[in-house]
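Coordinate analysis (summary)
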Amino acid sequence: MLHIFCPHCFELRSEEEFHASGQAHIPRPLDPNACTDEEWGDYMFFRDNPRGLHHELWDHVAGCRQYFNVTRDTVTYEILESYKIGEKPQFTDKAGTAKTATTALGEKV
Ligand SMILES: [Zn+2]
């Protein structure tokens, strides 16, 4: 079972309280009418499936009901960080070299 730090509640909570909502940081096209069908289809349906670091959107459904982002290693399931929407992730290494994980409160996750 994962323990996920909610950046809104400032608590480490059980995975059962959360819902994963897919890949994070997917920019919506500024003018959907200017997109080709292929560009719109890519935006709507195609997501990355990396081996290693992945930024995901999560919802604290049984808590504060706020959305936030998580950086997770898809190989080890280790959650490296969680951060509010609009904030930049600390871990962006697409090569997947994991670093020591700590939450905003300095707790090891
Ligand atoms: Zn919360």
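My aim in this report is to walk through the structure given alongside it, one point at a time.

Definitions and limits used
Residues numbered from 1 in each chain as written. Predicted model: local features only at pLDDT ≥ 70, side-chain atom pairs only at ≥ 80, totals over all residues. Heavy atoms only, no water. Patch = residues over 30% accessible without salt bridge, like charges linked within 9 Å, V, L, I, M, F, W, Y side chains within 5 Å. Areas by Shrake-Rupley, 256 points an atom, 1.4 Å probe, with all protein chains shown as cover. Salt bridge = Lys/Arg side-chain N within 4 Å of Asp/Glu carboxyl O. Helix = DSSP H or I, 4+ residues; strand = E, 2+ residues; numbered from the N terminus. Buried < 20%, exposed > 50% of the residue type's maximum accessible area, 1.4 Å probe, protein only. Phe/Tyr/Trp six-rings, centres within 6.5 Å; stacked < 30°, edge-to-face > 60°. Donors = N, O, S within 2.8 Å, 3.2 Å for Na, K, Ca; no water. Tetrahedral: all angles 85-135°; square planar, octahedral: opposite > 155°, others 65-115°. Core = buried A, V, L, I, M, F, W, Y, C linked by side-chain atoms within 4.5 Å. Contact = heavy atoms within 4.5 Å.

Here's the deal with a nonpolar patch on the surface
Among the surface-exposed residues, Met44, Phe45 and Phe46 lie close enough to one another that they form a single nonpolar patch of about 380 Å² accessible area. Note that phenylalanine 45 resides in helix α1 (residues 37-45). Judged by its relative accessible area of 64%, phenylalanine 45 falls in the exposed class.

Thoughts on the packing of aromatic side chains
Counted by the stated rule, this structure contains three aromatic pairs. When the centroid spacing of 5.7 Å and the interplanar angle of 80° are considered together, the rings of phenylalanine 18 and phenylalanine 68 count as edge-to-face. In this pair, phenylalanine 18 is assigned in the loop between β2 (11-14) and β3 (19-23) and phenylalanine 68 in strand β5 (residues 67-73), connecting sequence segments 50 residues apart. Assessed through its relative accessible area of 8%, phenylalanine 18 is described here as buried.

Quick look at the coordination of the zinc ion
Looking at the zinc ion, one finds its protein donor set to be Cys6 (SG), Cys9 (SG), His60 (ND1) and Cys64 (SG), positioned 2.1 to 2.3 Å from the metal centre. One way to put it: the four donor atoms around the zinc ion meet at angles of 104 to 117°, and that makes the site tetrahedral. Sequence spacing of the donor residues for the zinc ion, all on one chain, is C-x2-C-x50-H-x3-C. Of the two residues, cysteine 9 is situated in the loop between β1 (3-6) and β2 and cysteine 64 in the loop between β4 (53-59) and β5; the sequence distance between them amounts to 55 residues.

So, the nonpolar core
The biggest cluster of nonpolar side chains holds eight residues, and these are Leu2, Ile4, Cys6, Phe18, Trp58, Phe68, Val70 and Ile79. Once you skip the residues sitting within four places of it in the chain, phenylalanine 18 turns out to touch Ile4, Cys6, Arg13, Trp58, Asp59, His60, Val61 and Phe68.

Some thoughts on the environment of leucine 80
With respect to the helices and strands, the residue leucine 80 is situated in strand β6 (residues 79-84). Take leucine 80: its relative accessible area is 0%, and that puts it in the buried class. The sequence separation of leucine 80 and histidine 55 amounts to 25 residues, and the corresponding C-alpha distance is 9.9 Å.

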